[in-house]
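Structural features, examined
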Amino acid sequence: MSTAHWAKALLDTWGIKAALTRLDGEYDLNFLAQAEDGQIYVLKAMRPGCDYDLVDVQIGALAQIARSAPDLPLPRVIPAQNGASCLSLADDAGNERLVWLQTGLPGRCYAKSHPKTTALVTEVGAVLAGVTRALKDFDHPALHRDFKWDLMAADWVAAESGCISDPARRQLVDDICTDFARLKPRLETLPRQAIHNDANDYNILVAGELGAPQHISGLIDFGDMCAAPRICDLAIAAAYMVLDHPKPQQALTSLVEGYHAVNPLTAAELDLLWPLLRMRLAVSVVNSTLMAADNPDDPYVTISQAPAWRFLDKPAEHPALIAGRLRATCGLPVVDGADRVLAYLEKHSGSFAPIMNRDLSDVPMGSLSVENSTWPQNPFDMPLEEAAQVGAEFAGKDGSEWWLGYYNEPRLIYTAPAFRKGAYKASDRRTVHLAVDVFAPAGQALHAPLDGEVLIVEDRANHLDYGGVIILKHLTDDGDPFYTLYGHLDPECVTRLTPGDKIARGQAFCQLGNAYQNGGWAPHVHFQIALSTDGIEADWPGVADPDDLVLWNALCPNPAPLLNLPAEKTGYQPTDKTTVLAARKAHFGGNLSLTYQDPVMLLRGWKHHLFDEWGRPYLDAYNNVPHVGHAHPRIQAVAADQLKRMNSNTRYLHPAQTAFAEKILSKMPEHLEVCFFVNSGTEANELALRLARAHTGAKGMVTPDHGYHGNTTGVIDVSAYKFNAKGGVGPSDWVELVEVADDYRGSFGRDDPERAQNYANLVDDAIAKLRQAGHAIAGFIAETFPSVGGQIIPPKGYLAAVYEKIRKAGGVCIADEVQTGLGRLGDYYFGFEHQEASPDIVVMGKPIGNGHPLGVLVTTRDIAESFAQGPEFFSTFGGSNLSCRIGTEVLNIVDDEGLQENARLRGSELLSGLKDLHGRYPSIGDVRGMGLFIGVELINPDGSEATAICSYLKNRMRDHRILIGSEGPKDNILKIRPPLTIDAEDIQMILETMDSILAEVHCD
Ligand SMILES: Cc1ncc(COP(=O)(O)O)c(C=O)c1O
């Protein structure tokens, strides 16, 4: 169909001169019209023979919404010059078509928009709810037609499921149809109204650049409107929100939350949502299977089914839990009667029989939270001995063994794989305790708080399971059921009790097990309530995902009332991140930056993982300071040991100081003989400048552009990254910058065999300029591999060539190995080894203390002698006994645990995986690095620095629980430098996650 024909029609009929482009459409012709004044329209020429009513209903609905909810992002109908909203015009083949014009809306379709954040999905719900509310009283004969996309009439699928050849899938669809038939009478009791009926992911538009906040900019295509219960509309949108979503239940919840806030739903409607969603997917797959049979040569028909099948094939959560989550999200009773049960418990609290035959109100609480406790030492593995000791510090404080564990407390003690919800150590994990624990001596009798009946009595003998466990069923005075669970019992109860047994209020019915009987724990009862067992039956989760507490707090509320305790006593309140953020803003300077748009608060660590206040694990692929891993037990031990003894300075002899010096020097070339100990990389570099000046009597320094050496006045002057930054102090006349030896983006590329020498030659000019300015040469300082400059590996031999020139000019050569030293590079202990360069001064920091503040400078005897001619050198904390013991231990651990070799192996796995991604995604311009010092440079299609893509990747990696950084003059280089303990599984996680995020970037 010629666009020229329709452009003319647009001009003749609407008086709008515009350039037209054809848009996709199943039957009708749709054109995007870009008018000369910049306004965008959509011209719709319906299929020949289209019923006028089908257009009229849309025009009427859009007009009604425009009147009653003008802020909703919907197209407006533009009448023709003669005032008609819809006209009949001939196409270029002479066929009459109904033609109408709408305003165009900005944005791209939701299907191709990333990330699909909860905020965005919530907004979809809100927009849909607004539309439904605006259409409440709208009616039109066309809304009452029979057609296959009316979910109320979806029964047709049952008769057609035979078209699905795979028997399992056919059965699946049949089961969905059976569910639908069962719920249909309930559906029919709901009021019908006009609904959009097709809020699929191509009909929802999203505006917002990559990485910037996104919002819903349009809901289009009202062509499938019909009259049906509004929950059908939501179910259809929901079906598209969950497909291929990494957390479909979260998407569903967000959608409902957004909808409910604008157009409140009832519990009866919410209960229908999940089965209706599945029915809509069944309609889609059966419809496309039938179409595939009619169009065997059209592969698109089958491809389009794939996401629906992927979703339906996956085992789904129990529908009762889904319904409960949706109800709780909307503030409705999690099950019918839940509100009455809660009121009953509240009312009778204080008069329930004490479960341990004593008042618990004076029993102290003990916290095992992520924040307050260090149980277990390794949050990925808790050995039996540790489990048996958990909370030992609380028991016995007053000589008794009684204490209470909190409800709703995030804990790291649940280390078994069953608590993990994904493939990796940093995947989601269940951490939040849903019960109150009462710790008491083994053998302590338990009494029923009120009359009940045994529902379950079992011995779950696995390590760290419950041992003996009993579930009782109770009834309130009104006959509403609820349930109590008692875990970690002496399994003798199994031989005595059977389901159906009646237990009277106050009756002793079981006793606490010891560690051999109760799953391996210190003796206690895990006491939990549930307001329903639908979907959890005998297998209640005792611990929940912190991101799913809306459901679990509602289904398993704080059992304090049944223990005759106030809820405040047993309910845990973690430190709120927003409070800490506010306090930080109040107390700290504004240029102390925080990483991530939504900052993380991290409270525990182990090796290369960190944990936030809710126990969510993160893979730490960024922090190079915890070189041998977070919370290394050997570092803890030497620090504690030395602090027990004494901690003083270098004015007194101590063997730890000389031992540390000997250990460092054993890793150095022989000409470097003298050590200075300070407290940071900054201080070490500051000292390096003093040494260079003392030795040469000169001040002039040459340094590569974009370098960073620390935060004091002296080293900022040699840190272009700071002095040239916005608001920086600017260059000093005694410092000359040379171009970074970046053979990806710089003046001499990788195709230049002489690039090392060519970059080194730039130093000649710098030396000359310094001399012209009246400065003799004190030296050259460089990060051996520039890090903040963009994780750059200079061409081999570059530094050696530079050093030669500097020495010839009378200067000394300083290698800042703060980022690159101590085995991180895998093949080399220090970066200067790769460069075949022999520095006069080497500076170390960050990793050498593994988090303890420590900086070290190593130099030649000659330079040290020159410096010794000046005043006494003293650093109060530099070289403290504690620092020296820690530093030595770090270096020993690198050796003992083979961490340099691990850096080599893991680094090469990571680099080769990243190179593979480089081959597949054009936004990766370069992958470079050595060992676990790696940079990934992101570029725009024109090769320029892609700062937005880099920021998107960094923030999305964090969404997937991976911490990485970004650097470079344009902040477009991902910086990956994890603790050296990282293992192959975690490298895989980085690669797979980056692959999926790059796919989002490239989804167009
Ligand atoms: C290469 C380099 N040198 C020196 C420093 C300064 O070290 P510190 O922050 O311990 O003073 C840093 C810190 O980032 C660095 O990256």
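Scroll up for the structure.
Residues numbered from 1 in each chain as written. Predicted model: local features only at pLDDT ≥ 70, side-chain atom pairs only at ≥ 80, totals over all residues. Heavy atoms only, no water.

As a further point, take the overall build of the chain. Helices and strands together make up the secondary structure of the chain, namely 30 helices and 37 strands. In terms of overall dimensions, the chain has C-alpha extents of about 100 × 90 × 50 Å along its principal axes. Relative to its full complement of 1004 residues, the chain shows a buried share of 57%. The long-range fraction of contacts in the chain, counting pairs at least 24 apart against all pairs at least 6 apart in sequence, stands at 73%. Counting only carbon and sulfur atoms, one obtains 51% of the accessible surface of the chain, whose full area is about 40100 Å². (Helix = DSSP H or I, 4+ residues; strand = E, 2+ residues; numbered from the N terminus. Buried < 20%, exposed > 50% of the residue type's maximum accessible area, 1.4 Å probe, protein only. Contact = heavy atoms within 4.5 Å. Areas by Shrake-Rupley, 256 points an atom, 1.4 Å probe, with all protein chains shown as cover.)

One pass over the structure, following the stated rule, counts 58 salt bridges. Between Arg-310 and Asp-244 there is a salt bridge whose closest N-O contact spans 2.8 Å. Of this pair, Arg-310 sits in helix α10 (residues 306-313) while Asp-244 sits in the loop between α6 (230-242) and α7 (248-262), placing them 66 residues apart in sequence. Classification of Arg-310 as partly exposed rests on a relative accessible area of 44%. When its relative accessible area of 46% is taken as the criterion, Asp-244 is described as partly exposed. (Salt bridge = Lys/Arg side-chain N within 4 Å of Asp/Glu carboxyl O.)

Moving on, we get to a negative patch on the surface. On the surface, Glu-670, Glu-673, Asp-862 and Glu-865 cluster together into a patch of negative charge. Look at Glu-670 and you get exposed, because its relative accessible area is 77%. (Patch = residues over 30% accessible without salt bridge, like charges linked within 9 Å, V, L, I, M, F, W, Y side chains within 5 Å. Lys, Arg positive; Asp, Glu negative; His and termini not counted. Charge placed at Lys NZ, Arg CZ, Asp CG, Glu CD.)

The next subject is the site of the ligand. As a matter of local geometry, the ligand sits amid Ser-680, Gly-681, Thr-682, Asn-685, Tyr-708, His-709, Gly-710, Glu-783, Asp-816, Val-818, Gln-819 and Lys-846. Thr-682 places a side-chain nitrogen or oxygen 2.3 Å from an oxygen atom of the ligand. Taken by itself the ligand offers 390 Å² of open surface, and the protein chains cover 85% of this. Among the elements that take part in the shell around the ligand, helix α20 (residues 681-696) stands out by supplying 3 residues, more than any other. The residue inventory of the shell around the ligand, partitioned by class, reads 2 nonpolar, 7 polar and 3 charged. (Near = heavy atom within 4 Å. Polar contact = N/O pair within 3.5 Å; in protein donor to acceptor, adjacent residues only side chain to side chain. Nonpolar A, V, L, I, M, F, W, Y, C, P; charged D, E, K, R; others polar.)

For the bond from His-114 to Pro-115, the omega torsion is -5°, close enough to zero to count as cis. Locating Pro-115 in the fold gives a position in the loop between β6 (108-109) and α3 (118-134). Here the residue pair Trp-375 and Pro-376 is connected by a cis peptide bond, since its omega of -15° sits within 30 degrees of zero. Within the secondary structure, Pro-376 is located in the loop between β11 (365-366) and α13 (384-389). Positive phi values are uncommon outside glycine, yet Asp-244 reaches one of about 60°. Of note, Tyr-596 is a non-glycine position whose phi angle comes to about 80°, a positive value. Within the secondary structure, Tyr-596 sits in the loop between α17 (577-587) and β23 (602-606).

Two modes of strand pairing occur in sheets, parallel and antiparallel, and in both the strands are linked by backbone hydrogen bonds. Strand order in the open sheet formed by 3 strands is β6-β8-β9, and the pairing between neighbours is antiparallel. Edge positions in the sheet fall to β6 and β9 (215-219), since each of these pairs with one other strand and no more. Judged from the 4 bridges that link them, strand β8 (residues 204-207) and β9 form a sheet pairing that is antiparallel. Bridge pairing in β9 links Leu-205 to Gly-218. Each of β8 and β9 touches α3; the most contacted strand, β9, lies at about 35° to it. (Pairing = 2+ DSSP bridges. Axes fitted to C-alpha atoms, helices over the stretch in contact; angles between N-to-C directions.)

By the definition in use, this model includes 21 aromatic pairs. Note on Phe-780 and Tyr-803: the rings are 6.3 Å apart at their centroids and 70° apart in plane angle, and the pair reads as edge-to-face. Residue Phe-780 is found in strand β29 (residues 777-783), and its partner Tyr-803 is found in helix α24 (residues 798-808); the two are separated by 23 residues along the sequence. With a relative accessible area of 0%, Phe-780 lands in the buried category. When its relative accessible area of 1% is taken as the criterion, Tyr-803 is described as buried. Here the aromatic rings of Phe-785 and Phe-933 are separated by 6.0 Å at their centres, their planes lie at 55°, and the arrangement is tilted. Here Phe-785, found in the loop between β29 and α24, pairs with Phe-933, found in strand β34 (residues 933-938); they are 148 residues apart in sequence, far enough to count as distant. Given the relative accessible area of 1%, Phe-785 is considered buried. An aromatic cluster is present here, built from Tyr-344, Phe-352 and Phe-482 joined pairwise through their rings. Geometry around Tyr-708 places Lys-722 over its ring, the cationic atom sitting 5.5 Å from the centre. (Phe/Tyr/Trp six-rings, centres within 6.5 Å; stacked < 30°, edge-to-face > 60°. Lys NZ or Arg CZ within 6 Å of the ring centre and 35° of its normal.)

Once that is clear, we can look at the packing of helix α8 (residues 267-294) against helix α11 (residues 319-329). The geometry of α8 relative to α11 is characterised by a closest axis approach of 9 Å and an angle of 135° between their N-to-C directions. One element, α8, and the other, α11, form an angle in the oblique class. Crossing of α8 over α11 shows right-handed handedness. Along its contact with α8, which presents Ala-267, Leu-270, Asp-271, Leu-273 and Trp-274, the element α11 presents Pro-319, Ile-322, Ala-323, Leu-326 and Arg-327. The residue makeup of the contact of α8 with α11, split by class, is 8 nonpolar, no polar and 2 charged. (Parallel < 35°, antiparallel > 145°, perpendicular 65-115°, else oblique. Left-handed = near helix turned anticlockwise from the far one by under 90°.)

Take Arg-280: it is sitting in helix α8. Apart from residues lying up to four places away in sequence, Arg-280 is in contact with Trp-149, Leu-151, Asn-197, Asp-198, Ile-236, Ala-239 and Tyr-240.

This part takes up the sheet that holds strand β37 (residues 973-976). Ordered by their spatial adjacency, 4 strands build an open sheet running β33-β34-β37-β36, and the pairing between neighbours is antiparallel. Since the sheet does not close on itself, it has two edges, and those belong to β33 (924-930) and β36 (965-967), each with one partner. For this sheet, the mean angle separating the axes of adjacent strands, direction not counted, is 25°. Sheet analysis places β33 next to β34, joined by 6 bridges and oriented antiparallel. Bridge assignment links Gly-929 to a residue of β34, and that residue is Ile-934. Packed on one face of the sheet, helix α29 (residues 947-959) meets β34, β36 and β37 and runs near 35° to β37.

Attention now goes to the packing of helix α19 (residues 655-665) against helix α27 (residues 881-896). Viewed as axis vectors pointing N to C, α19 and α27 meet at an angle of 35°, and their least axial separation amounts to 8 Å. For the pair α19 and α27, the crossing hand works out as left-handed. On α27, the residues touching Ala-656, Gln-657, Ala-659, Phe-660, Lys-663 and Ile-664 of α19 are Asn-881, Cys-884, Arg-885, Gly-887, Thr-888, Leu-891, Asn-892 and Asp-895. Considered class by class, the residues forming the contact of α19 with α27 number 6 nonpolar, 5 polar and 3 charged.

This paragraph deals with the environment of Leu-243. With respect to the helices, strands and loops of the structure, Leu-243 is situated in the loop between α6 and α7. Measuring from C-alpha to C-alpha, the distance between Leu-243 and Trp-309 comes to 9.3 Å, with 66 residues separating the pair along the chain. Beyond its immediate chain neighbours, meaning those up to four positions away, Leu-243 contacts Leu-281, Pro-307, Ala-308 and Phe-311.

One finds Leu-187 and Leu-276 to be the most contacted residues of the largest nonpolar core, which totals 90 residues. Considering every element that reaches this core, the biggest residue donor is α8, with 12 residues. Apart from the residues within four sequence positions on either side, Leu-276 is in contact with Leu-151, Phe-180, Leu-183, Leu-187, Ile-231, Cys-232 and Ala-235. (Core = buried A, V, L, I, M, F, W, Y, C linked by side-chain atoms within 4.5 Å.)

Take the state of the cysteines next. Scanning all chains against the criterion turns up 0 disulfides. Cys-950 forms no disulfide, and the closest cysteine sulfur to it belongs to Cys-1003, at a distance of 19 Å. Here Cys-1003 is not disulfide-linked; the sulfur of Cys-109 is the nearest cysteine sulfur, at 8.0 Å. (Disulfide = S-S within 2.5 Å.)

The next subject is the side chain of Arg-928. Along the chain, Arg-928 turns up in strand β33. From its side chain, Arg-928 meets the backbone oxygen of Gln-791 in a polar contact 3.0 Å long. The contacts of Arg-928, once residues within four sequence positions are left out, are Tyr-744, Arg-750, Gly-790, Gln-791, Ile-792, Leu-911, Phe-933, Ile-934, Gly-935, Glu-937 and Ile-973.

So, about the environment of Val-894. Within the secondary structure layout, Val-894 lies in helix α27. When the C-alpha positions of Val-894 and Gly-823 are compared, they lie 7.5 Å apart, and in sequence the two are 71 residues distant.

Side chains of strand β31 (residues 841-844) alternate between two faces, with Ile-841 and Val-843 and Val-842 and Met-844 buried alike. Strand direction decides the pairing type here: strand β30 (residues 812-816) and β31, joined by 3 bridges, are parallel. The partner of Asp-816 across the bridge, within β31, is Val-843. As paired elements, β31 and strand β32 (residues 855-859) share 4 bridges and run antiparallel to each other. Paired with Val-842 across the bridge in β32 is Val-858.

Remember, this is a structural readout, not a statement about activity or role.
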